[in-house]
Structure formats: structure tokens, C-alpha cells
Amino acid sequence: QVQLVESGGGLVQTGGSLRLSCATSGRTFSTLAMAWFRQAPGKEREFVAHSHWNGVSTNYANSVKGRFTISRDNAKSTLYLQMNNLRPEDTARYYCAAEPQGVAAFRSESEYPYWGQGTQVTVSS
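Colleague: Which residues make up the pattern of salt bridges, and what are the values?
Modeller: All told, the structure shown has four salt bridges when counted by the stated rule. We note a salt bridge from E109 to R45, for which the minimum N-O separation is 3.1 Å. Residue E109 is located in the loop between β9 (92–99) and β10 (114–115), and its partner R45 is located in the loop between β4 (33–39) and β5 (46–51); the two are separated by 64 residues in the primary sequence. Relative accessible area serves as the criterion here: at 31%, E109 is assigned to the partly exposed category. Take R45: its relative accessible area is 23%, and that puts it in the partly exposed class. Connected through salt bridges with shared partners, the residues R38, E46, R67 and D90 form a single ionic network.

Next up, the structure:
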């Protein structure tokens, strides 16, 4: 089993920045592919960013590319999401997710067996 705990959410103005963290336990972090998803009220959960286990290969949703950066510290078993130039449409609950297989369909939430409880990000206009 893998336990994931997100933190770092909050209320920020348009153009501001936040850094989310996801602390993991229960499995060697460096063997996990990790991702961030988000879900806004009334909408489906959507892919935000993905990090291969080695941290070198990363992928982003087009809506956040150039503004968000996913990173990981394998020594601390922690995943990060640096969010800059935030917009009201970024308002959502953000979840980290983990999967041990390194699947190709990393944008699909169904590929991730492990999820955190989420952290709320609200961007005011």
C-alpha cells in the first residue's frame, strides 16, 4: 500500500503562486510514477502533470504548460507542483496519484491505484 498526503493549497490572487507537496510512504518512492490531477466543482477530474519515476521525464496538460512545474525529491519521498501565474480557472481540488507500473496511459486517472485526499486551491480574480 502507498499513502499519499497533499499539502500547500490555499487562496491566492490571479497571477500568484503556490507550491503543492505530496508526501508518500509505504513503498519506495523512486519506483513510483507520480501525477497531479485536479477536480473543479461540477467537473470531472482532469490530468495536470506527470513525473516518471526517474524525475527526468515529465508531461503536462496543455492548460498548465509553461506555468506549472512538477518535480520530485526521491530522498524525501515527496512530489511537488510549483504553480505560477495562477488563473481563476485553476481553482480546483488537487490530488496526487501514484502507480508502480510506469504505464503509457499516464493521463488516465484509472491507471492510478493510489490517491491522496486532495488539497484545495482557490484563485480569486
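Colleague: Pulling in residues and values, what's your account of the state of the cysteines?
Modeller: For the structure shown, the criterion picks out one disulfide. Between the sulfur of C22 and that of C96 lies a disulfide, 2.0 Å long from S to S. Looking along the S-S bond of the C22-C96 disulfide, the torsion reads about 50 degrees, which is the right-handed sense. You can see C22 sitting in strand β3 (residues 18–25) and its partner C96 sitting in strand β9, a full 74 residues away along the chain. With relative accessibility at 0%, the residue C96 sits in the buried group.

Colleague: Tell me about the pairing of strand β8 (residues 78–83), residues and numbers included.
Modeller: Burial analysis of β8 places five of its six residues in the buried class, the great majority of the element. Pairing of strand β7 (residues 68–73) with β8 involves six bridges; the strand directions are antiparallel. Residue pairing across strands places F68 opposite M83, the latter belonging to β8. The hairpin turn running from β7 into β8, its antiparallel successor, is four residues long, and S77 in that turn takes a positive phi close to 55 degrees.

Colleague: Describe unusual backbone geometry, with residues and values.
Modeller: Residues apart from glycine generally show negative phi values, whereas peptide bonds are mostly found in trans. Here the phi dihedral of S77 falls at roughly 55 degrees; this positive angle occurs in a residue that is not glycine. Note on placement: S77 falls in the loop between β7 and β8. In this model, N85 sits at a positive phi of 50 degrees, which is unusual for a non-glycine residue. Within the element layout of this structure, N85 appears in the loop between β8 and β9. In this structure N85 comes out as partly exposed when scored by relative accessible area, which is 42%.

Colleague: Describe the environment of E46, listing the residues and the values that go with them.
Modeller: Relative to the helices and strands, E46 is located in strand β5. Under the relative-accessibility criterion, E46 is labelled partly exposed at 36%. Expressed as a C-alpha distance, the spacing of E46 and Y94, which sit 48 residues apart in the sequence, is 9.6 Å. Within the structure, the side chain of E46 is placed 2.6 Å from the side chain of R38, a separation counted as a polar contact.

Colleague: Tell me about the side chain of T24, residues and numbers included.
Modeller: With respect to the helices and strands, T24 occurs in strand β3. Apart from the residues lying within four places of it in its own chain, the contact partners of T24 are Q3, L4, F29, M34 and S77.

Cut-off values and rules
Residues numbered from 1 in each chain as written. Predicted model: local features only at pLDDT ≥ 70, side-chain atom pairs only at ≥ 80, totals over all residues. Heavy atoms only, no water. Salt bridge = Lys/Arg side-chain N within 4 Å of Asp/Glu carboxyl O. Helix = DSSP H or I, 4+ residues; strand = E, 2+ residues; numbered from the N terminus. Buried < 20%, exposed > 50% of the residue type's maximum accessible area, 1.4 Å probe, protein only. Disulfide = S-S within 2.5 Å. Pairing = 2+ DSSP bridges. Polar contact = N/O pair within 3.5 Å; in protein donor to acceptor, adjacent residues only side chain to side chain. Contact = heavy atoms within 4.5 Å.

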